[in-house]
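# Notes for the structure review
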Amino acid sequence: MPIDETKEINKKFSLNITFKADLLDTKQGKPKYGGDGLGACLLAISDLNGKDVCSVRLRKGYMTVITFRSNGTPENDFNLGEKDGYAVIDISQFTNKFVNLNIVAERGGLTKVYVNGQLISTFNSGNQIYTYRSCTIGDLRSGRGMKFIGSIYNFGLYGTLLSESQIAQNWEYTKLQ
């Protein structure tokens, strides 16, 4: 689906992506996405300078969701919970399973993260002003070596805040596939 670049996702946005991560790190018994660094990037919505309006990164059973954050990437933070501008979420139970992820974010407001129709995290969005330029699915940016390992089934990016009923519809649609 082509993305309409005129949407004002630099102020607020919602996204919907369905994916299945395939690999398992047998040493730790948790999914292994990427190496010991930043892990793999499921998606990145970036500005003209490559700064992330939003990114979703996966590493060893954890998902880090970052929105409108200005003070760097929390690359070594694997403490579960909500922080300022990002959250670290345990998703190890979803290895080799379909995941319908919805993120609803407003700059300077709240970010809500839904997995399979259920609200699993709410945190304060950052307040950094970015101008949307591109969206990369399955890697952070070309050549960064943060490739997602698995399957991506659908993706939607919206310049508005999806309601809980719209998120429930996304999940119901995913279950039918």
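Conventions adopted
Counting of residues starts from 1 at the beginning of each chain's written sequence and follows it residue by residue. Residue-level local features of this predicted model are given only where pLDDT is at least 70; pairs of side-chain atoms are given and counted only at 80 or more, and the full residue set underlies all totals for whole chains, interfaces and linings. Note that the side-chain values use all heavy atoms of the structure and ignore hydrogens as well as water. By definition, any uninterrupted DSSP run of H or I lasting at least four residues is a helix, any uninterrupted run of E lasting at least two residues is a strand, and each is numbered from the N terminus. Under the scheme applied here, a residue whose accessible area is under 20% of the maximum for its type counts as buried, over 50% as exposed, and between as partly exposed, the area being computed with a 1.4 Å probe on protein chains only. The criterion used for residue contact is that any of the two residues' heavy atoms lie within 4.5 Å. Computed by Shrake-Rupley with a 1.4 Å probe, the accessible areas treat only the displayed protein chains as cover when residues are assessed. A helix's residues, less one, multiplied by 1.5 Å, set its expected span. As used here, the arc is the angular range of directions from the helix axis to the C-beta atoms. Along the chain, pLDDT gives the predictor's confidence residue by residue, from 0 to 100. By definition here, a salt bridge exists when the distance from a side-chain nitrogen of Lys or Arg to a carboxyl oxygen of Asp or Glu is within 4 Å. Nonpolar cores were defined as sets of buried Ala, Val, Leu, Ile, Met, Phe, Trp, Tyr and Cys residues, with membership established by side-chain atoms within 4.5 Å. In protein, a polar contact means a hydrogen-donor-capable atom and an acceptor-capable atom, both N or O and within 3.5 Å, with residues adjacent in sequence counting only if both atoms are side-chain atoms; elsewhere, any N or O pair within 3.5 Å suffices. Criterion used throughout: strands pair if DSSP finds at least two bridges between them.

It is worth spelling out the overall build of the protein chain at this point. Counting its regular elements, the protein chain contains one helix and 13 strands. Reading the protein chain from its N end, one meets helices and strands in the order β-β-β-β-β-β-β-β-β-β-β-β-β-α. Per-residue burial for the protein chain yields a buried fraction of 47% across its 177 residues. Across the protein chain, every contact between residues at least 6 apart in sequence was considered, and the portion connecting residues at least 24 apart equals 65%. Total accessible area computed for the protein chain in this model is approximately 8700 Å², and 46% of it derives from carbon and sulfur atoms.

It is worth spelling out helix H1 (residues 164-176) at this point. Counted at 1.5 Å a residue, the expected span for H1 with its 13 residues is 18 Å, and the 19 Å between its end C-alpha atoms agrees. Taken residue by residue, H1 has Ile167, Asn170, Trp171 and Thr174 as its buried positions. All buried residues of H1 fall inside an arc of 95 degrees around its axis, so they share one side. Along H1, exposed side chains directed more than 90 degrees from the buried face belong to Gln169 and Leu176. Close packing links the buried residues of H1 with strand E1 (12-21), strand E9 (99-106), strand E10 (110-115) and strand E13 (150-158).

Further remarks concern the confidence of the model for the protein chain. Model confidence for the protein chain is summarised by a mean pLDDT of 77, while 73% of its residues fall at 70 or above. Low confidence marks residues 1-6, where pLDDT is under 50. Its contacts with residues over four positions away, or in another chain, come to nine contacts.

With the rule as written, the count across this model stands at one salt bridge. Close ionic contact of Glu172 with Lys175 constitutes a salt bridge, the shortest N to O distance being 3.0 Å. In this pair, Glu172 and Lys175 both sit in helix H1, three residues apart, roughly one turn of the helix. Taking relative accessible area as the criterion, Glu172 reaches 42% and is therefore assigned partly exposed.

Judged by nonpolar contacts, the single largest core of 31 residues is most densely connected at Phe13, Leu15, Ile45, Met63 and Leu101. Of all elements in the fold, only E1, strand E4 (40-47), strand E5 (52-59), strand E6 (62-67), strand E8 (86-90), E9, E10 and E13 reach the threshold of two or more residues within this core. The greatest single-element share of this core, amounting to five residues, is contributed by E1. Setting aside anything within four residues of it in sequence, one finds Phe13 in contact with Ile45, Val53, Cys54, Thr67, Phe68, Ile103, Val104, Ala105, Leu157, Tyr158, Thr160 and Leu161.

Now for the environment of Ala21. Tracing the chain through its elements places Ala21 in strand E1. The class for Ala21 is buried, based on a relative accessible area of 1%. Residues Ala21 and Ile152, spaced 131 residues apart in sequence, show a C-alpha to C-alpha distance of 8.7 Å.

Residue placement: Asn16 occurs in strand E1. In terms of polar contacts, Asn16 uses its side chain to reach the side chain of Asn102, at 3.3 Å. A distance of 3.4 Å separates the side chain of Asn16 from the side chain of Asn170, its partner in a polar contact. The residues touching Asn16, leaving out its near neighbours within four places in the chain, are Asn100, Leu101, Asn102, Asn154, Phe155, Gly156, Tyr158 and Asn170.

Buried residues dominate E6, accounting for six of its six residues. Burial of E6 is two-sided: the residues Tyr62, Thr64 and Ile66 facing one way and the residues Met63, Val65 and Thr67 facing the other way are all buried. Taken together, the six bridges between E5 and E6 define a ladder with antiparallel strand orientation. By the bridge assignment, Cys54 is partnered in E6 with Thr67. Where E5 folds back on E6, the antiparallel hairpin that results is connected by two residues, among which Lys60 adopts a positive phi of roughly 45 degrees. Strand direction decides the pairing type here: E6 and E8, joined by five bridges, are antiparallel. Following the sheet pairing, Thr64 is matched in E8 by Val88.

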